[in-house]
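# Close look at the chain arrangement
For reference, the chains in residue letters:
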Amino acid sequence: MEKILKPYTIIPEGLYVQRDADKQVRNIISDMGRPGYVLVSRQMGKTNLLLNAKRKFETSGDAFIYIDLSNTFPTAKSCFENIIDNAIEAYPEKFSEVAKVIFDRRTELKDTPPHKQHTNELRFLLQTLKGGKMVIILDEIDALTKTDYSDQIFSQIRSTYFGARVNYKEFYNLTYLLSGVVEPSEIIKDPKVSPFNIGQKIYLNDFSREEFDEFIKTANLLINQESADRIFYWTNGNPRISWDVCSEVENKLKSRECNAQLIDKIVQDLYLTSFDKAPIDNIREIVTNDREIRNSIVEIEYKKGKLVSDKIKSKLYLAGIINYDEDDIHIKNEVIRKSLSYEWIRSLEEADKGLIDLAMEDYGNQRYNDALLTFERYLEHNDFPENSSKSHYLYAIGYSAYALTQYNKSIEFFERVIFDQDDEPKYYFELHYRKGVIYYYLNRIEESLESFKNVISNGKKSSVYALALLNYGTVSLKSDKTNHKEDAIRIFKEIINETAFHKEKQSQEFVSRLKSIAYYNLAEIDRVDNHHDQALANYFEAIKLSNNNSRPKFTLAYIKLNKNENENFELLSNLVENICDGSTVPTNIENESQIVFSLDEFKQIALLSFINYRDILFEKLIPKFSLLDENNLSKQLYDLAIFSINTEGSWDNGLKILNYIYNSIKTESLIFDDVTQYNTLKLLAYGSGRNETKGFDIEYINIFKKNRITPIDYFDMEIFINLIFSLTEKGKLDEALKYAEFIVLQKESAPDQNLINYLIVYHLQLNIYAALNDKINSKIKAEQIIELANNEKVKNQKSNLLGETGMDIIIQNAESKLRTKEKNILPVKSAKVYGRNQILKVRYKDGTILETKFKKVESDLSKGECMVLD
């Protein structure tokens, strides 16, 4: 077959794909009201867009003149004349007569100003067309902007749509299409001249998926859907890259079939090996020479695209790096993204600045991960020079590691830092304060206290001193030494009494912050010592002195201890009000020098509001769930339920939230995704247990059968086992067997850690077959139980569903079936599986008998601390 996707300069009409930009060009030519301005990077098809407009929309009475301005002229006069000459040469049959007039006038009227001469010559051409349209297409105008006379050319074009049309009606039949890689606002350089603000911008973006598919079809490229998807994955519709990749695919199809692996190899060979093929070569050259663009790409990598200014967005667009129809920006396709890898950009920065300066710049900009990695690269082959900067470099490494919670690495470098107390007191005391914090995180309590004491012993009652004093008191509570607790109480009281620091040298906000934390710590001591009234009093003082960030923590502690419901409602209402009016905003960023309002505290407030004041407070708080993350509300509520179960240890409250989600899904009052619906039903089925009659288990299993989203886990096994057991107890043996057989069919796809739970399913099947007097299947199932029990993976596993003795009972039961003299199977009751809310009577080893829900004694049963009484 003849090759179709050849390396054309001008795309044949049969292969040209219409885009939105083509529609905009058509409208501009139809309306003739304003010039069109095609704003696009190189190798995006702008020249073919313009030539296609000429090919598609020009009629016999029109004249569409294409001018390539990349070859500039010495003067404005010669540039104007070139435009007219091109028109005459392109349409000799139309303009041969008037050409003589124009050339004669140039000779006779040499002193006519260039813009006036050009206006007159345009009038002659337009009059010759007798109502036909003249469209002047000026390509590569960015080259023109580099000349001294460019303002004259663009001012002339601008005047065409104003004064010229007022005086000469023929100018209504003239319009311009301009194209280049420069913003219209930058076209006219002289601030005294009116800006070129009349053009209609035309953004020539990549192919949409539909346009890409049309291109594949037009090119008669016979590839499967997987291959087409893979090409689009890499190119995201970039016309030049799509053409070149598809052209290479066309070559390969002569000798082999196309698949995703072939596409990947083609992309790697074309673009990601030597990086010298258009448009990648041009893009990398632009990035190499423009630090602003490099920095913006780094910001995009750090998911900070929204922070990029409009000016830089325009530069990125004109460089061919992003598309321009998105609020949040990202690299436009995978080929470009990989060719502009973060590692490559870092190498450019390193070449510009050197490793140490680059690391210190990252440190100063709080890019701690980059700073740490760059320092470590430097230290692989070098050591810091022995000068005054060495300790500052070591400190920067230690602080970067600290900011990344790499405390062991942080203290390793901090311990090598030497600051002189007299020469650099600020750095000296900050270092020891920081070491105190890190030692505390590493649970090296005594060393932490020594570091804080080093700052305190200085006696200069600065802010660092006050923070060290406060932390010394807080950390003292973690020490095993009794005298440290006494020291802590003394310090907290000194802070409260304002004798621990120079109040006049500190801001009132700082003093209040210290005192509020001191009150809070005293309250914590009182709470642990069961002095609840005094604890409440100290919590309350902490609340009074708190700011918006610390108030939630203190208030939540107060509410948990307080029994006065009216007072708790008022305090919780105030917190919700502060969140709703924006004065209190949660964050996941820790701050060592002050208490912040954490995301977990927001969840605690939401949880209290939901459980106790759903209609009054919780509904008011719902719009603020967007502060947590960008998920939809149903997913955020699901996460709140998980928080209740895992962090707060309350299944009951978690299930209440899950029921709320379930009801909202059923009434369609919430937008939800399949994963959230699936997981919500799963936890409801698991948490409710088989004593509930809501039917969550059946509903969940039906979804599980149709579209299982996650691998089979412990929850799935318990849901199926509970349902099978429940149906068996109700005598619905056929139905129980149906569910048992289904989950057994999933065994091969289940993770290995769930194999042990299949013993229980087999055991239940064995009992059902025995009840049905099905001796053949009973024997088969008993053999499967023995085989699985002897599996080495299973021997090393534990299961809460089996407890300590469950496996032995199941094995004994199976063995009894296989002994020919035994006719009956051992009772099942010892290996029962219980719902979480099922009421049991258990006896502990000390003889204590307790009647309670299974979930309350589940852990003790699994440890063998107690046994179930029939």
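Criteria and thresholds
Residues numbered from 1 in each chain as written. Predicted model: local features only at pLDDT ≥ 70, side-chain atom pairs only at ≥ 80, totals over all residues. Heavy atoms only, no water. Helix = DSSP H or I, 4+ residues; strand = E, 2+ residues; numbered from the N terminus. Rg over C-alpha atoms; globule rule 2.2 N^0.38 Å. Buried < 20%, exposed > 50% of the residue type's maximum accessible area, 1.4 Å probe, protein only. Contact = heavy atoms within 4.5 Å. Areas by Shrake-Rupley, 256 points an atom, 1.4 Å probe, with all protein chains shown as cover. Pairing = 2+ DSSP bridges. Axes fitted to C-alpha atoms, helices over the stretch in contact; angles between N-to-C directions. Phe/Tyr/Trp six-rings, centres within 6.5 Å; stacked < 30°, edge-to-face > 60°. Lys NZ or Arg CZ within 6 Å of the ring centre and 35° of its normal. 1 Å grid on protein atoms, 1.4 Å probe; cavity = no way out; pocket = protein on both sides within 12 Å on 5 of 7 lines; lining within 4 Å. Points joined across faces, edges and corners; volume = space filled by probe spheres on them. Nonpolar A, V, L, I, M, F, W, Y, C, P; charged D, E, K, R; others polar. Core = buried A, V, L, I, M, F, W, Y, C linked by side-chain atoms within 4.5 Å. Expected span 1.5 Å × (residues − 1). Salt bridge = Lys/Arg side-chain N within 4 Å of Asp/Glu carboxyl O. Parallel < 35°, antiparallel > 145°, perpendicular 65-115°, else oblique. Left-handed = near helix turned anticlockwise from the far one by under 90°.

## Considering the overall build of the chain
Helix and strand counts for the chain stand at 42 helices and eight strands. Computed over the C-alpha atoms, the radius of gyration of the chain is 39 Å, more than 25% above the 29 Å expected from 2.2 N^0.38 for a compact globule of 870 residues. C-alpha atoms of the chain, sized along the principal axes, occupy 125 × 85 × 60 Å. When the 870 residues of the chain are sorted by exposure, 50% land in the buried category. Counting only contacts in the chain whose residues sit at least 6 apart along the sequence, the fraction spanning at least 24 positions is 65%. Taken as a whole, the chain presents about 42,400 Å² of accessible surface, with 47% of it coming from carbon and sulfur.

## Digging into the sheet that holds strand β4 (residues 174–180)
Hydrogen bonds between backbone groups are what pair the strands of a sheet, and the pairing can be parallel or antiparallel. Taking strand neighbours across the sheet as the criterion, the five strands line up as β2-β3-β4-β1-β5 in an open arrangement whose pairing is parallel. Strands at the two margins of the open sheet, each flanked by one partner only, are β2 (63–68) and β5 (200–203). The sheet shows a mean angle of 20 degrees between the axes of neighbouring strands, direction not considered. When strand β1 (residues 36–39) meets β5, the two strands line up parallel, connected through four bridges. Paired with Gly 36 across the two strands is Gln 200, which belongs to β5. Running at roughly 130 degrees to β2, helix α3 (residues 76–90) makes contact with β2 and β3 (134–139) of the sheet. Sheet strands touched by helix α5 (residues 114–129): β2, β3 and β4. Its angle to β3, the strand with the most contacts, is close to 130 degrees.

## Structural notes on the packing of aromatic side chains
Evaluation of the coordinates by the stated rule reveals 45 aromatic pairs. Aromatic pair Tyr 395 and Phe 414: ring centres 5.2 Å apart, planes at 45 degrees, arrangement tilted. Here the residue Tyr 395 occupies a position in helix α20 (residues 390–403), and Phe 414 occupies one in helix α21 (residues 407–414), the gap between them amounting to 19 residues. Like Tyr 395, the residue Phe 414 is buried in the burial classification. Joined through ring pairs, the aromatic side chains of Tyr 363, Tyr 368, Tyr 395, Tyr 399, Tyr 402, Tyr 407, Phe 414, Phe 419, Tyr 427, Tyr 440 and Tyr 441 make up one cluster. Note that Lys 705 overlies the ring of Phe 742, its terminal NZ or CZ placed 5.2 Å from the centroid. Positioned over the ring face of Tyr 739 is Lys 738, at 5.0 Å from the centre of the ring.

## A few points about empty space enclosed by the protein
Per the stated rule, a full pass over the model turns up five cavities of 30 Å³ or more. Every residue lining the largest cavity is listed: Ile 102, Arg 105, Arg 106, Leu 109, Thr 112, Gln 117, Asn 120, Glu 121 and Phe 124. Going through the elements one at a time, α4 (92–108) and α5 are the ones with two or more residues in the lining of the largest cavity. Among the elements that take part in the lining of the largest cavity, α5 stands out by supplying four residues, more than any other. Split by residue class, the lining of the largest cavity holds three nonpolar, three polar and three charged.

## Looking at the nonpolar core
By size, the foremost hydrophobic cluster in this structure holds 152 residues, and its most contacted members are Ile 605, Phe 618, Phe 625 and Leu 637. Excluding anything up to four places from it in sequence, Ile 605 contacts Pro 552, Leu 556, Leu 572, Leu 575, Val 576, Ile 579, Phe 597 and Leu 621. Counting residues in hydrophobic clusters, the runner-up holds 112 residues, among them Ile 136, Phe 215, Ala 219 and Leu 262.

## Re helix α33 (residues 651–666)
Taking 1.5 Å per residue as the helical rise, α33 with its 16 residues ought to reach 22 Å, and the 22 Å between its terminal C-alpha atoms agrees with that figure. With twelve of 16 residues buried, α33 is to be regarded as a mostly interior element. Listed in full, the buried residues belonging to α33 are Trp 651, Asn 653, Gly 654, Leu 655, Ile 657, Leu 658, Asn 659, Tyr 660, Ile 661, Tyr 662, Ser 664 and Ile 665. Where the residues of α33 are buried, they touch α30 (599–612), α31 (614–621), α32 (633–646), α34 (674–688), α35 (696–706) and α36 (714–729). Immediately beyond the C-terminal end of α33, within one or two residues, lies Glu 668, with a positive phi of roughly 60 degrees.

## Structural notes on the pairing of β4
With respect to burial, β4 is a largely interior element, seven of its seven residues being buried. Residues Leu 174, Tyr 176, Leu 178 and Gly 180 of β4 are buried on one face, and the alternating residues Thr 175, Leu 177 and Ser 179, pointing to the opposite face, are buried as well. When β1 meets β4, the two strands line up parallel, connected through four bridges. In the strand pairing of β4, Tyr 37 is matched with Leu 178.

## Regarding the pattern of salt bridges
Scanning the model with the defined rule gives 45 salt bridges in all. Across the pair Lys 46 and Asp 139 runs a salt bridge, and its minimum N-O distance is 3.1 Å. Within this pair, whereas Lys 46 is found in helix α2 (residues 46–57), its partner Asp 139 is found in strand β3, the two being separated by 93 residues in sequence. Classification of Asp 139 as buried rests on a relative accessible area of 1%.

## Looking at the packing of helix α22 (residues 425–441) against helix α23 (residues 445–456)
Look at α22 against α23: their axes get within 8 Å of each other, and the N-to-C directions meet at 160 degrees. When the axis of α22 is compared with that of α23, the two are roughly antiparallel. Here α22 runs over α23; the crossing is left-handed. Here α22 contributes Tyr 428, Phe 429, His 432, Tyr 433, Lys 435, Gly 436, Val 437, Tyr 439 and Tyr 440 to the contact with α23, which in turn contributes Ile 445, Glu 447, Ser 448, Ser 451, Phe 452, Asn 454 and Val 455.

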